[in-house]
Amino acid sequence: MMLLLQDGGHLQQEFDLLDAGGGWVARVVGRPDGTVAVEPDPFGISGSWKREDTALGIVDASGATVARFVSQGLDGRSRRLFWGAVKVGPHWLEHCLRVRTRPLPRISLCTTSRNRLHHVRETLPRNIADNRDYPNLEFVLLDYNSSDGLGDWVRRELGDELASGRLTYYLAPQPTHFHATHSRNMSIRLAGGDIVCVVDADNYTGRGFAAYLADQVEPDNFLIGCRMEDDEFMVVDDEGCVGRYALYKSTFLDVGGMDEAHVGWGYDDMDLFRRLMAKGYRCQSIEPRYARCIPHGDAERSRELHYRDIGRDKAGGDGSVWVNARRSQANIAAGRIVLNDGSVGCGEVIRNFGEATITVRAIGEAPVSAD
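Just so it is clear, the structure is predicted and the values come from calculations on it, not from any experiment.

(A) Local environment of the side chain of Thr-251. Mapped onto the fold, Thr-251 is located in helix α6 (residues 249–254). Residue Thr-251 is classed as buried on the basis of its relative accessible area of 1%. One polar contact links the side chain of Thr-251 to the main-chain carbonyl oxygen of Pro-219, over a distance of 3.2 Å. Once residues within four sequence positions are removed from consideration, Thr-251 is found in contact with Pro-219, Leu-276 and Tyr-281.

As structure tokens, then:
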């Protein structure tokens, strides 16, 4: 382990602190002066490096050892790991440090809302706070022509986030109803991240979610908010996060985004997942600790839709889960995997209360343009 120590005996590197199950806990940064910054620091282990025989420790301001790493190896992706334990209260719990070997990808967490201020004001500030540790992150909030004061609330309560660029607010002034697939496509087209993640207005990300995505999302896979058994999606008794998904933006566009022929509510996410798998992308579930939401009923889901009979438990008409599922199955059976003919999330939006007007155009015609 001492081979990694730089001049002066200090580890001037960045690490991820992982728990015994491989879950991400914190970002660990070795500074030139020998101090160690841990962000976030739930166990209070920020301090300084210290040699301890053949081990490497971290000591706090009083000189007490708060972390100790005694062996090293490689994970399944050949990333170097240092195994040991951190002090949590009176106990020592197994953890490891993993050397960061690549730049942090830019991540966009995308939320769309039409008259869901009562959810956004609970979830968005919490999600921003819970992901402070990840520096290369943006939150994209698309206001799908709400009438509940969402814009006023954002300007009043999240002005600092807007000014810092951490949050970007877009208003789509044309929609008369909520169109889930179009709105999500539009938010992803507007996003600047390499990795994009749809986070519904009622969803909480959990602490460290962005860092978790940076670790788990690869160009050949995607993450979803429901459980999987073999290659089957288990959506019964889900926690309200089935519509959460994360993937590279290029992966999303490789199948033409979400099917904008889907209207109403339901199965649009399953359709996207199945088309991605048909294209050869690997699927894995998001860890449950990151998949939480504010519970609510179907009346809330259907209130802003053009077709309000969502048909969850029975065959329904236009816009129902049943109709959307049949369309998806017919498309996949016919090999129609890439949909929307390049018209993915098109339309006009206003950024940050008049800062710019942006036209999202068809992919085949022209890129996103700003006036």
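Having seen the structure, we can now continue with the description.
(B) Examining the sheet that holds strand β8 (residues 91–99) more closely. Taking strand neighbours around the barrel as the criterion, the eight strands line up as β1-β2-β3-β4-β5-β6-β7-β8 in a closed arrangement whose pairing is antiparallel. Averaged over all neighbouring strand pairs, the angle between strand axes comes to 35°, with direction disregarded. Summarising the sheet, strand β5 (residues 55–59) and strand β6 (residues 65–74) pair through four bridges and their orientation is antiparallel. When the sheet's bridge partners are listed, Val-59 is paired in β6 with Thr-65.

(C) Focus on the side chain of Arg-114. One can find Arg-114 in the loop between β9 (107–113) and α1 (117–130). Residue Arg-114 is classed as buried on the basis of its relative accessible area, which comes to 11%. Here Thr-176 takes part through its backbone oxygen, which lies 2.9 Å from a polar atom of the side chain of Arg-114.

(D) Geometry of the nonpolar core. Formed by 37 residues in total, the largest nonpolar core has its most connected members in Ile-107, Leu-109, Val-154 and Leu-213. When residues of this core are traced back to their parent elements, those giving at least two are β9, α1, β10 (137–143), α2 (150–157), β11 (167–171), β12 (195–198), α5 (209–216) and β17 (245–248). When residues in this core are grouped by element, the largest group, six residues, is from α5. Leaving out residues up to four positions away in the same chain, Ile-107 has contacts with Tyr-134, Asn-136, Leu-137, Glu-138, Gly-193, Ile-195, Ala-210, Leu-213 and Ala-214.

(E) Spatial organisation of unusual backbone geometry. Cis geometry marks the peptide bond from Glu-39 to Pro-40, where omega comes out at -15°. The residue Pro-40 is located in the loop between β3 (35–39) and β4 (47–52) in this model. The phi torsion at Asn-340 lies on the positive side, around 75°, for a residue other than glycine. Mapped onto the elements, Asn-340 comes out in the loop between α9 (321–333) and β20 (347–351). For Phe-353, which is not glycine, the phi torsion reads 60° and is therefore positive. Residue placement: Phe-353 occurs in the loop between β20 and β21 (356–360). Overall, Phe-353 belongs to the partly exposed group, its relative accessible area being 28%.

(F) Structural context of the pairing of β8. Where strand β1 (residues 14–19) meets β8, five bridges bridge the pair, whose relative direction is antiparallel. The residue of β8 that forms the bridge with Asp-19 is His-95. For strand β7 (residues 80–88) and β8, the ladder comprises eight bridges, and the chain directions are antiparallel. If you follow Val-88 over to β8, its bridge partner there is His-91. What sits between the antiparallel neighbours β7 and β8 is a turn of two residues, in which Gly-89 has the positive phi angle 65°.

Procedures and definitions
- Residues numbered from 1 in each chain as written.
- Predicted model: local features only at pLDDT ≥ 70, side-chain atom pairs only at ≥ 80, totals over all residues.
- Heavy atoms only, no water.
- Helix = DSSP H or I, 4+ residues; strand = E, 2+ residues; numbered from the N terminus.
- Buried < 20%, exposed > 50% of the residue type's maximum accessible area, 1.4 Å probe, protein only.
- Polar contact = N/O pair within 3.5 Å; in protein donor to acceptor, adjacent residues only side chain to side chain.
- Contact = heavy atoms within 4.5 Å.
- Pairing = 2+ DSSP bridges.
- Axes fitted to C-alpha atoms, helices over the stretch in contact; angles between N-to-C directions.
- Core = buried A, V, L, I, M, F, W, Y, C linked by side-chain atoms within 4.5 Å.

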